[in-house]
Protein chains: 2
Amino acid sequence: MNLILLLEEDFTGPGRVRLTGRRLRHVLEVHRASVGGELTVGLLGGEMGRGRVTAVEPDLCMDVELHLPPPPKLPLKLVLALPRPKVLNRVLAAATSLGVAEIHLVNAWKVEKSYWGSPRLSEDNLLLQRVLGLEQARDTVLPPLVLHRLLRPFAENVLPGLIEGTLPILAHPGADEPCPRTPTGPVTLVIGPEGGFIPAEVELFVRGGCRAFTLGERILRVETAVAALAGRLF
Amino acid sequence: MNLILLLEEDFTGPGRVRLTGRRLRHVLEVHRASVGGELTVGLLGGEMGRGRVTAVEPDLCMDVELHLPPPPKLPLKLVLALPRPKVLNRVLAAATSLGVAEIHLVNAWKVEKSYWGSPRLSEDNLLLQRVLGLEQARDTVLPPLVLHRLLRPFAENVLPGLIEGTLPILAHPGADEPCPRTPTGPVTLVIGPEGGFIPAEVELFVRGGCRAFTLGERILRVETAVAALAGRLF
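Residues numbered from 1 in each chain as written. Chains lettered and ligands numbered in written order. Predicted model: local features only at pLDDT ≥ 70, side-chain atom pairs only at ≥ 80, totals over all residues. Heavy atoms only, no water.

Peer 1: Help me understand the interface of chain A and chain B, please; the structure alone is not making it clear to me.
Peer 2: For interface size, the figure often reported is the accessible area lost on association. Chain A puts 27 residues into the contact, and the matching count from chain B is 27 residues. Taking both sides of the interface into account, the surface hidden between chain A and chain B amounts to around 2,300 Å²; carbon and sulfur atoms contribute 50%. Applying the counting rule to chain A against chain B returns 2 salt bridges. Note that Arg218(A) is salt-bridged to Asp139(B), the shortest N-O span being 3.0 Å. Along the contact surface separating chain A from chain B lie 14 residue pairs in polar contact (both at pLDDT 80 or more). Going through the elements one at a time, helix 2 (85-98), helix 3 (123-137) and helix 6 (222-233) of chain A are the ones with two or more residues in the side of chain A that touches chain B. In terms of residue class, the side of chain A that touches chain B is made up of 10 nonpolar, 8 polar and 9 charged. (Contact = heavy atoms within 4.5 Å. Buried area = accessible area lost by both parts, 1.4 Å probe. Salt bridge = Lys/Arg side-chain N within 4 Å of Asp/Glu carboxyl O. Polar contact = N/O pair within 3.5 Å; in protein donor to acceptor, adjacent residues only side chain to side chain. Helix = DSSP H or I, 4+ residues; strand = E, 2+ residues; numbered from the N terminus. Nonpolar A, V, L, I, M, F, W, Y, C, P; charged D, E, K, R; others polar.)

Listed below in structure tokens is the structure:
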């Protein structure tokens, strides 16, 4: 937690906040905050700044000053086949920390049906994982996250609008062309499930306007691939 | 497991292997292998190829043909402040899957002493995590891994030889110069602990020949940073 993310409801008055729960514990146990100490803070969806601790018991109270803009997002929209629940948390936090502008989770043939029933898809968890990514990277702006449980309607109705004005890259092991590097404009990046998209799905994405590129011989875990591609592209 | 990694001792005769334990369970449960099925295999430190399943009970037997070279490594040596045990496994597997050529784990002021006593630093675990990375990426060549429990002797005696002929990059949030992209030769990449290297440590690395570069405003988890930098550099 390199930034303590504040919510509107944390404010007890102008420039004064009170924290409880997860953030309180983290600040006490990891930051070992004491009265008079300073912490980097930011308002969810707003500015960043410094907080000065005025009390640590029973709750953490701080006087905060917010005057810095959050870092810019990458001009990158991410479309991911829904990963295994175990992997989902890490991917969401990593993509958010990297500054991905928006995240779309889609279905695919090789996405097991049970993944869509995982408790990790609860609104609370999807929010928490992105908050953890913001706190890690010192950002305050939550990337929108949209679930698309049916691939065909997504590819036919949503994808064309999504990729408008972007370079739409489908990362596909079978493709011939190597993935470009430092494109001049925004990118939409589509990454398939473990085992890849099946040919009919690749066809759907290509008809929807995407171009298939290969990332080389190595097959990477999705969270590694997202980070490596973000580093390569921007 | 996109490749079943074979050891010399798996061979029961020329071109015949028998698998037990972790790999047997994985092949049966995840690949759902049956007699006649084919799997991608590779010999640790050797060539890759195909295996044809000849029996699944009580052990998995395969006829294998190995004739493909493993993918080339990245010209990248990685020097990491020892991460938290929880993070260590993921970093080792990710770095190996990306094709990092060798890995050095070093001490730093902000590395908690207890991390060096973690059971995850056992030889068996350090081997297993890299094997998982090889199996993920379809590679067979284990990157050497060296532990350096004292930073100063490492920086003064080991680092100068390590970085010879490479661009030695110290990823440091405080630096002014942005990290280069697509260098023409090999790179040694040094990444600090959560919370960063302290100034005296930065000084040690700089005296040892490293140049400090910034990666931008965002603070990334070490496994995300490694992947983003590998993607950016190569």
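There's more to say after this.
Peer 1: Help me understand helix 2 (residues 85-98) of chain B, please; the structure alone is not making it clear to me.
Peer 2: The α-helix advances 3.6 residues per turn, and as a result positions three or four apart in sequence lie on the same side. End to end, helix 2 of chain B covers 20 Å across 14 residues, agreeing with the expected 20 Å (1.5 Å per residue, within 8%). All of the buried residues in helix 2 of chain B are Val87(B), Leu88(B), Asn89(B), Val91(B), Leu92(B), Ala93(B), Ala94(B), Ala95(B), Thr96(B), Ser97(B) and Leu98(B). Close packing links the buried residues of helix 2 of chain B with helix 6 of chain A together with strand 7 (76-81), strand 8 (102-106), helix 3 (123-137), strand 9 (145-148) and helix 6 (222-233) of chain B. Gly99(B) sits one or two residues past helix 2 of chain B and shows a positive phi near 95°. (Expected span 1.5 Å × (residues − 1). Buried < 20%, exposed > 50% of the residue type's maximum accessible area, 1.4 Å probe, protein only.)

Peer 1: Can you walk me through the domain arrangement of chain A in this structure?
Peer 2: Residues and elements named next belong to chain A. Per the domain assignment, the segments of chain A are domain 1 (4-68) and domain 2 (76-233). Once you take the C-alpha centre of each, domain 1 and domain 2 turn out to be 33 Å apart. On the side of domain 2, 9 residues touch domain 1, which itself brings 11 residues to the contact. Of the roughly 730 Å² buried between domain 1 and domain 2, counting both surfaces, carbon and sulfur atoms make up 64%. The largest share of the area that domain 1 buries against domain 2 comes from Leu-5, Arg-22 and Met-48, three residues that together contribute 60% of it. The interface formed by domain 1 and domain 2 includes 1 salt bridge. Taken together, the links from domain 1 to domain 2 amount to 3 residue pairs in polar contact (both at pLDDT 80 or more). Contributing elements (two or more residues each) for the side of domain 1 that touches domain 2: helix 1 (21-29) and strand 4 (38-43). Counting residues per element, the side of domain 1 that touches domain 2 draws most heavily on strand 4, at 3 residues. (Domains from an automatic or database assignment.)

Peer 1: Is there a simple way to explain the relation of the copies chain A and chain B in this structure?
Peer 2: Note that the two copies of the chain are related through a rotation about an axis and a translation along the same axis. The transformation that overlays chain A on chain B combines an axial shift of 0.0 Å with a rotation of 180°, and the residual RMSD is 0.0 Å. Here the two chains are linked by the operation of a two-fold rotation axis. (Least-squares fit on C-alpha atoms with pLDDT ≥ 70 in both.)

Peer 1: Can you help me understand the sheet that holds strand 4 (residues 38-43) of chain B in this one?
Peer 2: Consider a sheet: its strands pair through backbone hydrogen bonds, and that pairing is either parallel or antiparallel. Residue and element names in this part refer to chain B. The 6 strands lie next to each other as 1-4-5-6-3-2, forming an open sheet whose pairing is mixed. Every interior strand has two partners, whereas the edge strands, strand 1 (4-6) and strand 2 (11-13), have only one. Each strand of the sheet is rotated relative to its neighbour by a mean of 40°, with strand direction disregarded. In this sheet, strand 6 (residues 60-68) lies alongside strand 5 (residues 48-55) in antiparallel orientation, the contact comprising 7 bridges. Looking across to strand 6, one finds that Val-53 is bridged to Met-62. On top of the sheet, helix 1 (residues 21-29) reaches strand 1, strand 3 (16-19), strand 4 and strand 6; it is set at about 150° to strand 1, its chief contact. (Pairing = 2+ DSSP bridges. Axes fitted to C-alpha atoms, helices over the stretch in contact; angles between N-to-C directions.)

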